[in-house]
Amino acid sequence: MMPKVRRWVFFLAIFFTVFLGDLAAAQAAVVPVGSLVDEVRTLTEKYYAGPLSRAALEAEAVQGLVESLGDPYSEYIAPEDLPDFASSLNDEYTGVGIIFQDLEGRAVISKTVPGSPAARLGVAPGSVLVAVDGRPVKGLSLEEIGRLLSGKPGTYVYLTVTLPGSGSRRSYYLRREVIRPPVVSSRLLAGSVGYLYLRSFPYWAPGEVETALAELEARGARGIILDLRGNPGGYLDAALEIASLFLLPDKPVVQVVGRDKKVTVLRSRGPGRDLPLVVLVDRGTASAAEILAGALQANHAAILVGTRTYGKGALQTIFPLSNGGALKLTTAYYRTPAGEAIDGVGLIPDIEVTEGRKQLDRALNVLRAQIAPPLVVGNLACRLFTLPFFQATR
């Protein structure tokens, strides 16, 4: 019988022989594959002893690569996340057009989108959502309820609600559609001042802005307040088209600087408008909203009132990937028509008003001074201007 010590020595010799043999084989398998990432992936797929998902491995590797750029706007979008990303980017979604909120554990319909299936069939705000396709929604999160309501355009969903006031139940059979919530709201203020609020810059925003401007002018607006506060931006083309509604043809709108440092100047297509204009901005004014505000300010077509803007002057391009996902990558940066950086800097308003409730009042005073009727003094006709106007145009 082999002594105990000799048995352990023999076992360890066998172990290290096998282990070192495997290690030598692994080292022999290491061949140049083009990059360190490819090398690590090849070794992991061949030798990792635990459970391994190649798709998960690639997704994590890509995610880490993008995060290493240190750019907050570049990101990898997984295939399962792409539909929601596209909807958020386009500011649209597929559904029936109800907006609801959680009130004491109940999903209460706060409003319906104008022109949506829910609005057309008279779903009343204040109704409480009870069930979707027969499934009770009590205890579900708003996100879970939203997923039940969403689906492919043309499909149907069956809603059960309790009506406000009476508490009686009613059901609706609604056909899902692509919902585009309005991004423009407008009204005529006293003194022939038109007020236009723009929520974001989806691709259909220019049409809404043009329609609202025409309606305000038809009602007698002699000046416009364009409210871009809290506007996170959107499509570059939408900003360019809206700028063209206010600027004469060929006026510079924005400079785009690519990775090669080449500067491209994008210009207004016109027709422009000969109306006094004040633009409201704040810390929430970003991206395409900053492009529009900066273009109007640089071309002396508007006075900016409010606070410094966000400073998001980076352009992202969406690249489709072979796995069904996408890569959102910063490919250029914006500058104002005067060549001033926007990214990380923002725009400085002509008239700074930090308190939000006073910003609209200040804009009204500035605009009304510009559209005030002439004051006749003797044989001279002059126009009254307030101090803020001279401060803004000095």
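Values in this document were obtained by computation on a predicted structure and should not be read as measured data.

## Observations regarding the overall build of the chain
Along the chain, the regular secondary structure elements total 11 helices and 21 strands. Counting across all 394 residues of the chain, residues that qualify as buried make up 38%. Contacts in the chain between residues far apart in sequence, at least 24 positions, make up 63% of those at least 6 positions apart. Carbon and sulfur atoms form 57% of the exposed surface of the chain, whose accessible area is close to 22,100 Å².

## Here's the deal with the pairing of strand β3 (residues 98-103)
In this structure, β3 lies alongside strand β4 (residues 106-112), joined through six bridges in antiparallel fashion. Within the sheet, the bridge partner assigned to D102 lies in β4 and is A107. Counted between consecutive antiparallel strands, the loop separating β3 from β4 contains two residues, among which E104 sits at a positive phi close to 55 degrees.

## So, the sheet that holds strand β11 (residues 193-198)
Taken in spatial order, the six strands line up as β10-β11-β12-β15-β16-β19 in an open sheet, and their pairing is mixed. Unpaired on one side and paired on the other, β10 (184-189) and β19 (351-352) mark the two borders of the sheet. Bridge count for strand β16 (residues 303-306) against β19 is two bridges, and the pairing is parallel. The residue of β19 that forms the bridge with G306 is E352. Along the sheet, helix α7 (residues 205-218) contacts β10, β11 and β12 (223-227); its crossing angle with β11, the most-contacted strand, is approximately 165 degrees.

## Some words on helix α2 (residues 36-47)
The first and last C-alpha atoms of α2 sit 16 Å apart over 12 residues, in line with the 16 Å expected at 1.5 Å per residue. You can read the cap of α2 off the contacts: a side-chain oxygen lies 3.1 Å from the backbone nitrogen of D38, and it is on S35.

## Looking at helix α8 (residues 236-246)
Counting buried residues in α8 gives nine out of 11 residues, a clear majority hidden from the surface. Within the sequence span of α8, burial applies to L236, A238, A239, L240, I242, A243, S244, L245 and F246.

## Section: the environment of A78
Among the structural elements, A78 can be located in the loop between β1 (75-77) and α4 (82-90). By relative accessible area, A78 is classed as buried at 13%. Separated by 248 residues in sequence, A78 and A326 have C-alpha atoms that sit 6.8 Å apart.

## A few points about the confidence of the model for the chain
On average, residues of the chain carry a pLDDT of 86, and 86% of them reach 70 or more. For the stretch residues 4-33, pLDDT sits under 50, and the model shows 12 contacts to residues farther than four places along the chain or on other chains. The low-confidence segment residues 380-394 (pLDDT under 50) makes 30 contacts with residues lying over four places distant or belonging to another chain.

## Overview of the packing of aromatic side chains
Following the criterion strictly, the structure yields four aromatic pairs and no others. Relative to Y173, the ring of Y156 has its centre 4.9 Å away and its plane inclined at 15 degrees; by these criteria the two rings are stacked. Of this pair, Y156 sits in strand β7 (residues 156-162) while Y173 sits in strand β8 (residues 169-175), and the two are 17 residues apart along the sequence. On the basis of relative accessibility, which here comes to 40%, the residue Y156 falls in the partly exposed class. A relative accessible area of 54% means that Y173 is categorised as exposed.

What counts and how
- Residues numbered from 1 in each chain as written.
- Predicted model: local features only at pLDDT ≥ 70, side-chain atom pairs only at ≥ 80, totals over all residues.
- Heavy atoms only, no water.
- Helix = DSSP H or I, 4+ residues; strand = E, 2+ residues; numbered from the N terminus.
- Buried < 20%, exposed > 50% of the residue type's maximum accessible area, 1.4 Å probe, protein only.
- Contact = heavy atoms within 4.5 Å.
- Areas by Shrake-Rupley, 256 points an atom, 1.4 Å probe, with all protein chains shown as cover.
- Pairing = 2+ DSSP bridges.
- Axes fitted to C-alpha atoms, helices over the stretch in contact; angles between N-to-C directions.
- Expected span 1.5 Å × (residues − 1).
- Polar contact = N/O pair within 3.5 Å; in protein donor to acceptor, adjacent residues only side chain to side chain.
- pLDDT = per-residue confidence, 0-100.
- Phe/Tyr/Trp six-rings, centres within 6.5 Å; stacked < 30°, edge-to-face > 60°.

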